[in-house]
Amino acid sequence: MSIEAKSIHRETFVINLGPQHPATHGVLRIKLTMDGEYIDDAEPIIGYGHRMQEKMGENRTYAKFLPNTARMDYVAALFNSQGYVGAVERLAGITVPERAEYIRVITAELNRVASHLLWAGAFLIDLGGFTPLLYTFDDREQILDLLESVTGARLTFCYYRFGGVCNDIDDEFVAGTRQFISRLRSRMPMYHALITKNIIFRKRCEGIGPITADVCRRYGGTGPVLRGAGVAYDVRKAEPYSVYPQFDFNVPVYPEGDCMARYRVRMDEIVESLRIIEQALDKLPAGPVMAEKVPRFLKPPKGECTFTVESARGSFGVRAISDGTDKAYRMKLRSPCFSNLSLFQECSRGMLLADALALLGSLDLVIPDIDR
Amino acid sequence: MWNYFKLIATGSWSLAVGMWIVLRHAFKRPVTVQYPYESVRLPARYRGHIELKREAAGGQPKCVACLACQRACPSGCIALDGVKPEGAPRKVLTLYTLNFTTCSLCGLCVESCAFDALQFSKDYNLASVRKEDYQMDLLTPGEKHS
Ligand code: SF4
Ligand code: SF4
């Protein structure tokens, strides 16, 4: 663009969204070039919370890296652990007892529900509605109480081990989980009446921030973002891992691609997750929760493998390369939030600032997961 | 025109429904715990900072200073030492400090202990403005190592 054209027709200015901004849910900075109220360009600037997780995965033993996995996507920490232990187990050829796999599925799905509930509340705050957060947190606290009773922690669980889980679940947990399932099911109509049907919410979401399947493909968008764009891709179905093939569940898909579609996908996923948990509790086999003969100092044979799980935000993948020593040669962590943020720049072009915040919120970003 | 009024009607109705839900909740029992006047019941498996288990008789730490926990700790926050007195069957602990500022509460140390000498404490009222307060001397609990 020539100088005259720029100065005569358009006068743009730059504002910084973040790094400390309530709508970014963390230390994310977005450099917005604004043309009045409309966004000309939105450049995400990341790295404020970079902790070199990948490098840490390479300079410490496999077991010592376990606690780190919960600190990337801390809202859905169990998925990261699941991806990591899955990759190492595949590398080292460890078979996990069936009961442990069931427990992993139950706890991970509980974590997914908790994550989606947190998202729903936080998203509503982005849109200016405070009250629903209090209700979703009430439910989320119940899940955290349940998970705390088995794992000992409320957020950074560190519960899975190579070859199983570190604590068995008891009858109290099973009964509590069943009670929670019926409680949340009875509260879903309340959420739909309070949020889904609310006219302000609908006006702020319907048709706002469209993301197409093509954009997702180009940027690697996964999870509810992709399913809200009409693509029925879920790692649990496409590349089944753990004991997921034994459960009957649907993959919610909405073709509209707007904020409302992503919201609906997540709300439906809560219901589907509850179904999975219920089936897992019904079928829960007896037996050990830890594989026998897991060496104390793990030295997987030379080789490499990839393990992907469907986290609450999309595909979380771990690519581990072993050179036969007790430390990984390479530990590549593919975080869903990074790809989901990447498409923001293209999709927010030409949007109103307030609508772009709705789009940003609907991507469900966890910034430490992006920065790693 | 008809749609315009219909939208106003349905929109107002959705707001009224929302208000009604919130109003009903206003008369329910609060779910918040009024900390610090009340405290929550901690589950048995709560992972607090670590503490040494002691023998029922004598109150001596069960720890034999095998260093397994120190080696297992990803954060390197355990420092311990022990001496073997003349004629004693096992080593006796002389130093056990936890640098709580870097502890990630992962629990790997407790799992690594083959002598059942470590456990998680249920102490969570640990706020302090002095860094030294988190250099915990586990051998003589109650006294801060500063
Ligand atoms: S809980 Fe983890 S970080 Fe803390 S002392 Fe034990 S092993 Fe180290
Ligand atoms: S592993 Fe147990 S016995 Fe060994 S030094 Fe640590 S606390 Fe003591």
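Whatever comes next refers back to the structure up there.
Overview of the structure. The residue numbers shown here count from 1 along each chain, following its written sequence. Here chains are named by letter from A upward and ligands by number from 1 upward, in the order in which they appear as written. Local features in this predicted model are restricted to residues whose pLDDT is 70 or higher, and side-chain atom pairs enter the listing and the counts only when it is 80 or higher, whereas totals over whole chains, interfaces and linings include all residues. Excluding hydrogens and water, the side-chain figures rest on all heavy atoms present in the structure.

Moving on, we get to the overall build of chain B. Helix numbers and strand numbers start at the N terminus; a helix is a DSSP run of H or I with at least 4 residues, a strand a run of E with at least 2. Summing up its helical and strand segments, chain B has 3 helices and 5 strands in all. Traced from its N-terminal end to its C-terminal end, chain B shows the element sequence α-β-α-β-β-α-β-β. Against the compact-globule benchmark of 15 Å for 146 residues, chain B has a radius of gyration of 27 Å, which places it well outside the compact range. Over its C-alpha atoms, taken along the principal directions, chain B stretches across nearly 100 × 30 × 30 Å. Burial status follows relative accessibility: with a 1.4 Å probe on protein chains alone, a residue under 20% of its type maximum counts as buried, one over 50% as exposed, and anything between as partly exposed. Here chain B holds 146 residues, and 33% of them are scored as buried. When checking whether two residues touch, look at their non-hydrogen atoms; a contact exists if any pair is within 4.5 Å. The long-range share in chain B, meaning contacts at least 24 apart out of those at least 6 apart in sequence, stands at 64%. All accessibility values rest on the Shrake-Rupley procedure with a 1.4 Å probe; residue burial counts only the protein chains present in the view. Surface accessibility of chain B: about 9,800 Å² in total, with carbon and sulfur atoms responsible for 59%. His residues and chain termini do not enter the charge count, which takes Lys and Arg as positive and Asp and Glu as negative. Charged side chains are reduced to one point each, which is NZ for Lys, CZ for Arg, CG for Asp and CD for Glu. For chain B, the separation between the mean place of its 18 positive charges and that of its 12 negative charges on side chains is 13 Å. As defined in this context, the radius of gyration uses C-alpha atoms, and a globule is described by 2.2 Å times the residue total to the power 0.38.

Looking now at the sheet that holds strand β4 (residues 29-35) of chain A. Residue and element names in this part refer to chain A. Pairing between strands is defined by DSSP: at least two bridges between them are needed. As summarised here, the arrangement of the 3 strands in space is β1-β4-β5, forming an open sheet in which the pairing is antiparallel. Two strands lie at the open edges of the sheet, namely β1 (13-17) and β5 (38-45), each paired on one side alone. The sheet shows a mean angle of 25° between the axes of neighbouring strands, direction not considered. Alignment of β1 against β4, held across 5 bridges, turns out to be antiparallel. Of the residues in β4, the one forming a bridge with F13 is M34. Between N-to-C directions, angles span 0 to 180 degrees; the directions come from axes that are lines fitted to C-alpha atoms, helices contributing only their stretch in contact.

Our focus in this paragraph is the pattern of salt bridges. Should a side-chain nitrogen of Lys or Arg be within 4 Å of a carboxyl oxygen of Asp or Glu, the pair is scored as a salt bridge. Counted under the stated rule, the structure contains 39 salt bridges over all chains. For R236 of chain A, the salt bridge identified is with E109 of chain A, shortest N-O distance 3.2 Å. Highlighted residues: R236 of chain A in helix α11 (residues 235-238) and E109 of chain A in helix α5 (residues 98-126), separated in sequence by 127 residues. Grouping residues by exposure puts R236 of chain A and E109 of chain A together as buried. With a closest N to O distance of 2.5 Å, R161 of chain A and E111 of chain B form a salt bridge. Taken together, the residues span two chains, with R161 of chain A in strand β6 (residues 160-161) and E111 of chain B in helix α3 (residues 108-112). For R161 of chain A, a relative accessible area of 6% gives the class buried. Connected through salt bridges with shared partners, the residues E109, R112, R227, D234, R236, E269 and E310 of chain A form a single ionic network.

Quick look at the packing of aromatic side chains now. What describes a pair of aromatic rings is the distance from one ring centre to the other and the angle between the planes of the rings. Residue and element names in this part refer to chain A. Ring pairs are drawn from Phe, Tyr and Trp, using the six-membered ring of Trp, whenever the two centres fall within 6.5 Å, and their geometry is named by plane angle: stacked under 30 degrees, edge-to-face over 60, tilted for the rest. For the structure on display, the rule yields 14 aromatic pairs over all chains. With a centroid separation of 4.8 Å and 15° between ring planes, the pair formed by W119 and F123 is classed as stacked. Of the two residues, W119 and F123 are both situated in helix α5; the distance of 4 residues between them amounts to about one turn of the helix. Each member of the pair, W119 as well as F123, carries the same accessibility label: buried. When the centroid spacing of 5.7 Å and the interplanar angle of 45° are considered together, the rings of Y159 and Y160 count as tilted. Taken individually, Y159 and Y160 each receive the classification buried, so the pair is uniform in this respect. Site record: aromatic cluster; members linked through ring pairs are W119, F123, F201 and Y263. Positioned above the aromatic ring of Y244, the side-chain terminus of R236 is 5.8 Å from the ring centre. Look at NZ for Lys and CZ for Arg. If either is within 6 Å of the ring centre and within 35 degrees of the ring normal, a charge sits over the ring.

Around ligand 2, the neighbouring residues are C63, V64, A65, C66, L67, A68, C69, L80, C113, F115, A117 and L118 of chain B. Per-class residue counts for the shell around ligand 2 are 12 nonpolar, no polar and no charged. Proximity is defined per residue: if any heavy atom of the residue lies within 4 Å of a molecule or strand, that residue is considered near it. Each residue gets one of three labels, nonpolar for Ala, Val, Leu, Ile, Met, Phe, Trp, Tyr, Cys and Pro, charged for Asp, Glu, Lys and Arg, and polar for the others, Gly among them.

Turning next to a nonpolar patch on the surface. Patch rule: a residue counts if its relative accessible area is over 30% and it has no salt bridge; like charges are joined within 9 Å, and nonpolar side chains (Val, Leu, Ile, Met, Phe, Trp, Tyr) within 5 Å. Among the surface-exposed residues, M1, Y4, F5 and I8 of chain B lie close enough to one another that they form a single nonpolar patch of about 490 Å² accessible area. Note that Y4 of chain B resides in helix α1 (residues 2-26).

Residue and element names in this part refer to chain A. If you trace the 3 strands from one edge of the open sheet to the other, you get β8-β9-β10, paired in antiparallel fashion. Unpaired on one side and paired on the other, β8 (303-311) and β10 (328-334) mark the two borders of the sheet. Each strand axis lies, on average, 10° off the axis of its neighbour in the sheet, ignoring direction. Where strand β9 (residues 314-322) and β10 come together, 6 bridges link them in antiparallel fashion. If you follow V318 over to β10, its bridge partner there is L333. Strands in contact with helix α3 (residues 62-69) are β9 and β10; relative to β10, the strand with the most contacts, it is inclined by about 15°. Packed on one face of the sheet, helix α4 (residues 77-92) meets β8, β9 and β10 and runs near 155° to β8.

This brings us to the environment of S75 of chain B. All names here are of chain B. Note on placement: S75 falls in the loop between α2 (68-72) and β2 (78-83). On the accessibility criterion, S75 (26% relative accessible area) is partly exposed. Placed 19 residues apart in sequence, S75 and A56 show a C-alpha to C-alpha distance of 31 Å. Pairs of N or O atoms are called polar contacts if they sit within 3.5 Å, as long as, within protein, a hydrogen donor faces a hydrogen acceptor (for residues adjacent in sequence, only side-chain-to-side-chain pairs). Among the polar contacts made by the side chain of S75, one reaches the main-chain carbonyl oxygen of T102 at a distance of 3.3 Å.

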